[in-house]
Amino acid sequence: MNQLPVLDIRLSFRRGGVHMDDHKVTAAMPIERFLPKEVVLPLSQHIGPEATAIVKRKDTVTRGMLIGAEETLGAPVHASVNGTVKSVIRRPHPTLTEASAIVIETNAEATDPQFEEDPEWRRLSQEEMLTRIAKAGIVGLGGASFPTHRKLRLPPGVRIDTLIINGAECEPYLTSDHRLMLERTEDLVKGACLIGRIVDARQIIIGIEDNKADAAAMLQKTIDDFSDTMPRPWVRVCKTRYPQGSEKQLVEALANRVIPSGKLPMHVGCLVQNVATAIACYRAIRFREPLMDRVVTVSGKGIRTPKNLLVPIGTLISDIVLHCGGMTDDACMVIAGGPMMGRALSRLDVPVIKGTGGLLFFTEDQIEHEMYGPCISCGRCLDVCPLGLEPNQISLYTEAGLALETLPFGTRDCFECGSCAYVCPAKRPLTQFIQIAKSALMRKTALGIAVRPGGPHG
Ligand code: SF4
Ligand code: SF4
């Protein structure tokens, strides 16, 4: 019996961060299933080469069937509904503008295939578990969309002692991970244990912000009731503070290790996986179940009926809007993801993809219409940057056409959390300036042109 309690000490990262109203109005709304009339499944939903379509128009497909074969370093795509292939065609994409996609008309009458349990699932080798995760098409569901089997396959010489399951969900509005922790608790704990076995972790920590105390208690109870999991996960509660859910901040808060510039959690012996990813890994290993669905928080003042929805991957956002009662008359902005790190969508005829955890609808009065002003050197952006970067300088140099001179201010380290822009009294679009500077640096590096590492002062 596990005696480790949910710790009452609220952990957090040391530097910067912001406290904001979390707007988690859907936190108490159970996950509802929605089956659309058609799905659009892009062949590229991950970091890596796009999959190759292996079905054609008029083919009958069943849920879970392989329809897009994985290229080297990519991820396969599976049918998320039973139905008939309408077309394989270029379609609008939520992050790539346009991509090849398989369009399937749903047969709502067909019975979903059952994924039988493999009675030997507890005895699978690490390699066998990795193969199942790869075949299931699982990618990082926290938004990174990096193929999970590649993240779990550690480079030679790298040892992981601490697996961190990321249940922080620190972005305002989003509650899909919170609901998963409450409603799929056992799957999550088992998934965490299996991933721990794959990477030989000595300890597994499930990190949760203190605005989700019910999920922390539910997880702890589930772990206490388990008799066969080694090593047992440990639930640790963090302060609600943005960006607590970013990998570097979570590792610092939970494992007390600082990840150096340009390095990953594995370089300090840690590996971070999102809660939805852990659940998907468990289903893939035990039942050989591919990744077919996504839990999506639909929220914001601009949608009439906010919900947490379980939808087949490929469900069009326009269908979700109709299912949620439509947008309000003053809705004027749609974001895929959270308000801080999500991406504004220019159209609604794009699908939910593997990495989509939220759809937020904002109204006129929530949008900043004022022009931004000059930097007044107040230093607030420096105070809140969790990495100690200098976003004010990056913005000033980029504005002056000197984006290539911004390296010393930390352009490459910035993970675009948006905390600096959130507090800037001059409303400067600091994240956008940083994105411009990063692109300029990337283009120059690709062209082989030397970038002065010393920068303007070097
Ligand atoms: S967006 Fe970048 S520079 Fe701004 S606070 Fe976040 S990490 Fe720091
Ligand atoms: S918060 Fe805005 S105004 Fe203040 S120093 Fe940073 S960029 Fe300048």
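Model, not experiment: these values are computed from the prediction.

The rules behind each value
- Residues numbered from 1 in each chain as written.
- Chains lettered and ligands numbered in written order.
- Predicted model: local features only at pLDDT ≥ 70, side-chain atom pairs only at ≥ 80, totals over all residues.
- Heavy atoms only, no water.
- Helix = DSSP H or I, 4+ residues; strand = E, 2+ residues; numbered from the N terminus.
- Buried < 20%, exposed > 50% of the residue type's maximum accessible area, 1.4 Å probe, protein only.
- Axes fitted to C-alpha atoms, helices over the stretch in contact; angles between N-to-C directions.
- Parallel < 35°, antiparallel > 145°, perpendicular 65-115°, else oblique.
- Left-handed = near helix turned anticlockwise from the far one by under 90°.
- Contact = heavy atoms within 4.5 Å.
- Nonpolar A, V, L, I, M, F, W, Y, C, P; charged D, E, K, R; others polar.
- Near = heavy atom within 4 Å.
- Pairing = 2+ DSSP bridges.
- Core = buried A, V, L, I, M, F, W, Y, C linked by side-chain atoms within 4.5 Å.
- Salt bridge = Lys/Arg side-chain N within 4 Å of Asp/Glu carboxyl O.
- Expected span 1.5 Å × (residues − 1).
- Phe/Tyr/Trp six-rings, centres within 6.5 Å; stacked < 30°, edge-to-face > 60°.
- Lys NZ or Arg CZ within 6 Å of the ring centre and 35° of its normal.

A word on unusual backbone geometry
Part 1 of the argument: A cis amide bond links Tyr242 with the next residue in sequence, Pro243, at an omega value of 0°.
Part 2 of the argument: Topologically, Pro243 is positioned in the loop between β11 (233-238) and α6 (247-255).
Part 3 of the argument: The residue Tyr173 is not glycine, and still its phi comes out positive at about 75°.
Part 4 of the argument: Examined against the element boundaries, Tyr173 turns out to sit in the loop between β9 (162-167) and α3 (176-183).
Part 5 of the argument: Note on Tyr173: relative accessible area 8%, which makes it buried.
Part 6 of the argument: The backbone of Lys427 sits at a positive phi, close to 55°, despite the residue not being glycine.
Part 7 of the argument: Here Lys427 falls in the partly exposed class, since its relative accessible area comes to 38%.

Observations concerning the packing of helix α1 (residues 126-135) against helix α4 (residues 185-199)
Part 1 of the argument: Orientation of α1 relative to α4, taken along the N-to-C sense of each, is 125°, at an axis distance of 9 Å. It follows that α1 is oblique to α4 by the angle criterion. Handedness of the α1/α4 crossing: left-handed. Contacts from Gln126, Met129, Leu130 and Ile133 of α1 reach α4 at Leu194, Arg197 and Ile198.
Part 2 of the argument: Taken together, the residues that form the contact of α1 with α4 break down as 5 nonpolar, 1 polar and 1 charged.

A few points about the site of ligand 1
Part 1 of the argument: By nearness alone, every residue bordering ligand 1 is listed as Cys385, Pro386, Pro391, Cys414, Phe415, Glu416, Cys417, Gly418, Ser419, Cys420 and Ile434.
Part 2 of the argument: Taken together, the residues of the shell around ligand 1 sort by class into 8 nonpolar, 2 polar and 1 charged.

What to know about α3
Part 1 of the argument: Counted residue by residue, α3 has 7 buried out of 8 residues, so it is predominantly covered.
Part 2 of the argument: All of the buried residues along α3 are Ser176, Asp177, His178, Arg179, Leu180, Met181 and Leu182.

Notes on the sheet that holds β9
Part 1 of the argument: Judged by pairing direction, the sheet is parallel, and its 4 strands sit side by side in the order β11-β10-β9-β12 without closing on themselves. Bordering the open sheet on either side are β11 and β12 (270-274), each of which pairs with just one other strand. The mean inter-strand angle of the sheet, taken between neighbouring strand axes irrespective of direction, is 25°.
Part 2 of the argument: Along the sheet, helix α7 (residues 275-287) makes contact with β9 and β12, crossing β12 at roughly 85°.

Focus on the pairing of strand β5 (residues 66-69)
Part 1 of the argument: Sheet topology note: the strand β3 (residues 52-53)/β5 ladder contains 2 bridges and is antiparallel. Counted as the bridge partner of Thr52 is Ala69 from β5.
Part 2 of the argument: With 2 bridges connecting them, β5 and strand β6 (residues 77-78) associate as antiparallel partners. When the sheet's bridge partners are listed, Gly68 is paired in β6 with Val77.

A few points about the environment of Arg184
Part 1 of the argument: Residue placement: Arg184 occurs in the loop between α3 and α4.
Part 2 of the argument: Separated by 91 residues in sequence, Arg184 and Val275 place their C-alpha atoms 9.8 Å apart.
Part 3 of the argument: Setting aside residues no more than four positions away along its own chain, Arg184 makes contact with Arg179, Ile279 and Arg283.

Let's talk about the nonpolar core
For soluble globular proteins, the rule of thumb is that nonpolar side chains tend to be buried together.
Part 1 of the argument: In this structure, Ile67, Ile104 and Ile165 are the most contacted members of the largest nonpolar core, which totals 64 residues.
Part 2 of the argument: Among the elements that make up this core, the one with the highest residue count is α7 (10 residues).
Part 3 of the argument: With residues up to four places along the chain from it excluded, the contact list for Ile104 reads Lys37, Glu38, Val39, Leu41, Val61, Ile67, Ala79, Val81, Gly83, Thr84, Val85 and Lys86.
Part 4 of the argument: Listed in part, the 17 residues of the second largest apolar core include Leu309, Val311, Ile320 and Leu345.

Quick word on the site of ligand 2
Part 1 of the argument: Every residue close to ligand 2 is listed here: Cys375, Ile376, Ser377, Cys378, Gly379, Cys381, Asn392, Cys424, Pro425, Arg428 and Leu430.
Part 2 of the argument: Classifying every residue of the shell around ligand 2 by side-chain character gives 7 nonpolar, 3 polar and 1 charged.

As for the pattern of salt bridges
In a structure, side chains of opposite charge can pair up when their charged atoms sit close to one another.
Part 1 of the argument: Taken as a whole and judged by the stated rule, the model has 27 salt bridges.
Part 2 of the argument: Put simply, Asp293 and Arg63 hold a salt bridge, and the shortest N to O gap is 2.7 Å. Here Asp293 is found in strand β13 (residues 293-299), whereas its partner Arg63 is found in the loop between β4 (60-61) and β5, with 230 residues between them in sequence. Arg63 carries the same exposure label as Asp293, and that label is buried.
Part 3 of the argument: Here Glu399 makes a salt bridge to Arg428, at a shortest N to O gap of 2.9 Å. Here Glu399 is found in helix α10 (residues 391-399), whereas its partner Arg428 is found in the loop between α11 (419-423) and α12 (430-446), with 29 residues between them in sequence.
Part 4 of the argument: Residue Glu399 is classed as partly exposed on the basis of its relative accessible area of 39%.
Part 5 of the argument: One continuous salt-bridge network, built from bridges that share partners, spans Arg33, Arg63, Asp112 and Asp293.

Brief notes about the sheet that holds β3
Part 1 of the argument: Reading across the sheet, the 3 strands line up as β3-β5-β6 and stay open at both edges, with antiparallel pairing between neighbours. In the strand order of this sheet, the two ends are held by β3 and β6, each with one partner.

What to know about α12
Each α-helix winds once per 3.6 residues, and so residues spaced three or four apart point in a common direction.
Part 1 of the argument: The terminal C-alpha atoms of α12 lie 24 Å apart, and with 17 residues this matches the ideal 24 Å at 1.5 Å per residue to within 8%.
Part 2 of the argument: Structurally, α12 contributes buried residues whose contacts are with α9 (380-384), α10 and α11.

With respect to the packing of aromatic side chains
Part 1 of the argument: As enumerated under the stated definition, the model contains 5 aromatic pairs in all.
Part 2 of the argument: Between Tyr282 and Phe287 the ring centres are 6.1 Å apart and the planes differ by 85°, which places this aromatic pair in the edge-to-face class.
Part 3 of the argument: Among the residues examined, Tyr282 registers a relative accessible area of 3% and is labelled buried.
Part 4 of the argument: Ring geometry for Tyr372 and Phe433: centres 5.8 Å apart, planes at 90°, overall edge-to-face. One end of the pair, Tyr372, is in the loop between β17 (358-363) and α9; the other, Phe433, is in helix α12, and 61 residues separate them in sequence.
Part 5 of the argument: We classify Tyr372 as partly exposed; its relative accessible area is 32%.
Part 6 of the argument: In textbook terms, an aromatic cluster arises when at least three aromatic residues are bridged by ring pairs, as seen for Trp121, Tyr282 and Phe287.
Part 7 of the argument: Residue placement shows Arg236 over the ring face of Trp234; its charged tip is 4.5 Å from the ring centre.
Part 8 of the argument: Stacked on the ring of Phe13, the Lys or Arg Arg241 has its end atom at 4.1 Å from the ring centre.

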